[in-house]
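Secondary and tertiary structure notes
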Amino acid sequence: MQSPAEMVVPRSLMVELIDLLGDFPPEQNRRQAEVLGIRLADLEHRARSQGALVETVAAIQGARVLLDLAEMPPLPPVSGT
């Protein structure tokens, strides 16, 4: 007989990714971004080790790219043409 803990369905990787995106730093907060980056890297590693769909891994990688872009300093305004 299974214990109640064994009957819990593991969270889907995509559900976890969506939850992580909800924690996306609203402002440039380096510490929050680092923590989120570590969590996304861990999620990607687990997805690969579990043989997740290519689309799932790509979605996680895309979130990592967006995080990197969000941490870039703003570009200077373009002068008039």
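Coordinates for the structure precede this section.
Residues numbered from 1 in each chain as written. Predicted model: local features only at pLDDT ≥ 70, side-chain atom pairs only at ≥ 80, totals over all residues. Heavy atoms only, no water.

1. Some words on helix α2 (residues 30-49)
In plain terms, the rule: Helical segments are the DSSP runs of H or I of at least four residues, strand segments are the runs of E of at least two, and each set is numbered from the N terminus. A helix is expected to reach a length of 1.5 Å times the quantity of its residues less one. Per-residue accessibility, obtained with a 1.4 Å probe over protein chains only, is compared with the maximum for each type, and a residue is labelled buried under 20%, exposed over 50%, and partly exposed between these values. Arc, as used here, means the arc of the directions from the helix axis to the C-beta atoms. Throughout, a residue-residue contact means that at least one pair of heavy atoms, one from each residue, lies within 4.5 Å.
Across its 20 residues, α2 extends 28 Å between first and last C-alpha, which sits within 8% of the 28 Å expected from 1.5 Å per residue. Within the span of α2, buried status applies to A33, L36, L40, L43, E44 and A47. Along α2, the residues classed as buried sweep out an arc of 100° about the axis, all on the same side. Exposed positions of α2 whose direction lies more than 90 degrees from the buried face are R31, I38, H45 and S49. Lining the buried residues of α2 we find α1 (13-22) and α3 (54-70). Taken from the residues just after α2, G51 is the one with a positive phi, measuring 70°.

2. Re the packing of α2 against α3
Put simply, the rule is: Axis lines are fitted through C-alpha atoms, for helices just across the contact stretch, and the angle between N-to-C directions can take any value from 0 to 180 degrees. An angle counts as roughly parallel when it lies under 35 degrees, as roughly antiparallel when it exceeds 145, as roughly perpendicular when it falls between 65 and 115, and as oblique in every other case. In a left-handed crossing the near helix is turned counterclockwise from the far helix by less than a right angle, and in a right-handed crossing that turn is clockwise. The residue classification treats Ala, Val, Leu, Ile, Met, Phe, Trp, Tyr, Cys and Pro as nonpolar and Asp, Glu, Lys and Arg as charged. All others, Gly included, are polar.
The geometry of α2 relative to α3 is characterised by a closest axis approach of 10 Å and an angle of 165° between their N-to-C directions. In terms of their interaxial angle, α2 and α3 are classed as roughly antiparallel. Relative to α3, the crossing made by α2 is left-handed. Listed contacts from α3 to A33, L36, G37, L40, A41, L43, E44, A47 and R48 of α2 are V57, I60, Q61, A63, R64 and L67. The residue makeup of the contact of α2 with α3, split by class, is 10 nonpolar, 2 polar and 3 charged.

3. Points about the nonpolar core
The test is simple: Residues belong to one nonpolar core when they are buried, are Ala, Val, Leu, Ile, Met, Phe, Trp, Tyr or Cys, and are joined through side-chain atoms within 4.5 Å.
L13, L17, L20, A33, L36, L40, L43, A47, V57, I60, A63 and L67 form the largest nonpolar core, which has 12 residues in total. Breaking this core down by element, the ones donating at least two residues are α1, α2 and α3. Residue contributions to this core peak at 5 residues, all from α2.

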